[in-house]
Amino acid sequence: MLTLVPVGAADVEWLRVQRNEPAQYKYFRQDRPISEVEQKRWWRQLDHKYVRLYTVREGDKDGERIGYVGFNPFNKYAMSAEFGLFILAEHQKKGYGREALTRLLHKGFNEFNIRTIYSDCLEYRGEDRFKFYEELGFVKKSPETQNLAYKKLGEWIPSIKFFMTKEMFDGYIRKGKLGLKRAPEPVRVAEKKRRGRP
């Protein structure tokens with residue numbers, strides 16, 4: 001069982017350390033590791049009304065942090081959101097990424113009334129990361145809307161955009177394609193009450 005817990009100030013440095021790990025860093029768009037000062041500035045300037053960030057915890061809300069998932073940014077006017085996801089290397093290949101992202105999709109489409117959820121995926125040669133998203137039902141955007149590349153570790157890495165709509169998600173749930181006969185139980189998401197924050 002996994003629980004999604006809203007990111008708080010105590011998680012900010014943990015997120016920075018994990019994003020700077022080579023196994024994770026290569027998949028983020030920044031072109032260099034994030035400093036502690038930059039991370040603190042990012043947290044202070046973050047508009048919490050339009051961002052939903054969660055740590056992925058094994059078990060209940062007090063369980064071990066094994067990853068991150070969230071929407072950043074969340075555009076309530078366009079009713080769209082870009083998602084991010086990572087699972088620590090030692091916890092991969094266990095279905096945690098699939099479960100965490102499925103639960104985030106459920107929250108996005110059914111609690112936040114988002115119509116389209118999307119992301120970019122850096123395309124490294126010899127890796128088949130798209131299979132994970134395609135199995136969940138994401139679709140690649142048309143070639144003319146794709147970004148060219150991001151510079152990472154001294155080279156330009158192609159980036160592929162993909163998306164899912166609420167109608168697509170509802171259809172996958174009905175057909176059992178996501179391994180769920182119904183939407184995930186809300187109790188599996190632990191919400192922190194923080195003044196002025198989601």
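Residues numbered from 1 in each chain as written. Predicted model: local features only at pLDDT ≥ 70, side-chain atom pairs only at ≥ 80, totals over all residues. Heavy atoms only, no water.

Enquirer: Could you clarify how one ought to interpret the overall build of the protein chain in this entry?
Expert: Secondary structure summary: the protein chain contains six helices and eight strands in total. Secondary structure elements of the protein chain occur, N-terminal to C-terminal, as β-α-α-α-β-β-β-α-β-α-β-β-β-α. Counting across all 198 residues of the protein chain, residues that qualify as buried make up 47%. A total of about 11000 Å² of accessible surface is found on the protein chain, and carbon and sulfur atoms cover 51% of it. (Helix = DSSP H or I, 4+ residues; strand = E, 2+ residues; numbered from the N terminus. Buried < 20%, exposed > 50% of the residue type's maximum accessible area, 1.4 Å probe, protein only. Areas by Shrake-Rupley, 256 points an atom, 1.4 Å probe, with all protein chains shown as cover.)

Enquirer: Got a minute to help me understand the packing of aromatic side chains in this structure?
Expert: The relation between two aromatic rings is expressed through the spacing of the ring centres and the mutual angle of the planes. Within this structure, the stated rule accounts for 14 aromatic pairs. Here Phe71 and Phe112 contribute two aromatic rings whose centre-to-centre distance is 6.4 Å and whose plane-to-plane angle is 80°, an arrangement assigned as edge-to-face. Placement of Phe71 in strand S3 (residues 65-75) and of Phe112 in the loop between helix H4 (96-110) and strand S5 (116-122) is noted, with a sequence separation of 41 residues between them. Note on Phe71: relative accessible area 0%, which makes it buried. With 6.0 Å between their ring centres and 50° between their planes, Phe83 and Tyr133 make a pair best called tilted. (Phe/Tyr/Trp six-rings, centres within 6.5 Å; stacked < 30°, edge-to-face > 60°.)

Enquirer: Even after reading the chapter, I still don't get the packing of H4 against helix H6 (residues 166-175), so can you show me in this structure?
Expert: To describe two helices that pack against each other, one gives the angle between their axes and the distance between the axes. Running from amino to carboxyl end, H4 crosses H6 at an angle of 125°, the nearest separation of the two axes being 10 Å. Of the possible angle classes, the one that applies to H4 and H6 is oblique. In the crossing of H4 with H6, the sense of the turn from one axis to the other is left-handed. The residues of H6 that touch H4, namely those facing Thr102, Leu105, His106, Phe109 and Asn110, are Lys166, Phe169 and Asp170. Its residues placed into classes, the contact of H4 with H6 shows three nonpolar, three polar and two charged. (Axes fitted to C-alpha atoms, helices over the stretch in contact; angles between N-to-C directions. Parallel < 35°, antiparallel > 145°, perpendicular 65-115°, else oblique. Left-handed = near helix turned anticlockwise from the far one by under 90°. Contact = heavy atoms within 4.5 Å. Nonpolar A, V, L, I, M, F, W, Y, C, P; charged D, E, K, R; others polar.)

Enquirer: I'm lost on the pairing of strand S8 (residues 155-165) in this one. Help?
Expert: Working note: regular strand, side chains alternate between the two faces of the sheet. Where S5 meets S8, seven bridges bridge the pair, whose relative direction is antiparallel. Bridge assignment links Cys121 to a residue of S8, and that residue is Ile160. The sheet contact formed by strand S6 (residues 139-140) and S8 spans two bridges and is antiparallel. In the sheet register, Val139 faces S8, and the bridge partner there is Phe163. Bridging between strand S7 (residues 149-152) and S8 involves four bridges; their strand directions are antiparallel. When the bridges of S8 are listed, Lys152 appears paired with Glu155. (Pairing = 2+ DSSP bridges.)

Enquirer: Would you take a moment to explain the environment of Ile114 for this structure?
Expert: Note on placement: Ile114 falls in the loop between H4 and S5. Of the residues examined, Ile114 reaches a relative accessible area of 1% and is grouped as buried. For the pair Ile114 and Ala78, spaced 36 residues apart in sequence, the C-alpha to C-alpha distance is 8.4 Å. Residues in contact with Ile114, not counting those within four places in the same chain, are Phe71, Phe74, Met79, Ser80, Ala81, Gly108, Phe109 and Lys166.

Enquirer: Just to check I follow, could you spell out the pairing of S3 for this structure?
Expert: In terms of strand pairing, strand S2 (residues 52-58) meets S3 through six bridges, oriented antiparallel. Directly across from Leu53, in S3, lies its bridge partner Gly70. Where S2 folds back onto S3 in an antiparallel hairpin, the turn is made up of six residues, including Gly59, whose phi is positive at roughly 85°. Two strands pair when backbone bridges link them, and S3 and strand S4 (residues 80-87) are joined in this way by seven bridges, in the antiparallel orientation. In the sheet register, Gly67 faces S4, and the bridge partner there is Ile87. What sits between S3 and S4 in their antiparallel hairpin is a turn of four residues, with Met79 showing a positive phi close to 55°.

Enquirer: Just to check I follow, could you spell out the nonpolar core for this structure?
Expert: One broad rule of soluble globular proteins: the nonpolar side chains tend to lie buried together. Among the nonpolar cores identified, the biggest contains 32 residues, and Val56, Val69, Phe71, Phe83, Leu101, Leu105 and Phe138 are the most heavily contacted of them. In terms of residue count, the dominant contributor to this core is H4 (six residues). Dropping the residues within four chain positions of it, Phe83 is found in contact with Gly70, Phe71, Leu101, Leu104, Ile117, Tyr118, Ser119, Tyr133, Phe138 and Phe162. With 12 residues, the next largest nonpolar core counts Val12, Trp14, Leu15 and Val51 among its residues. (Core = buried A, V, L, I, M, F, W, Y, C linked by side-chain atoms within 4.5 Å.)

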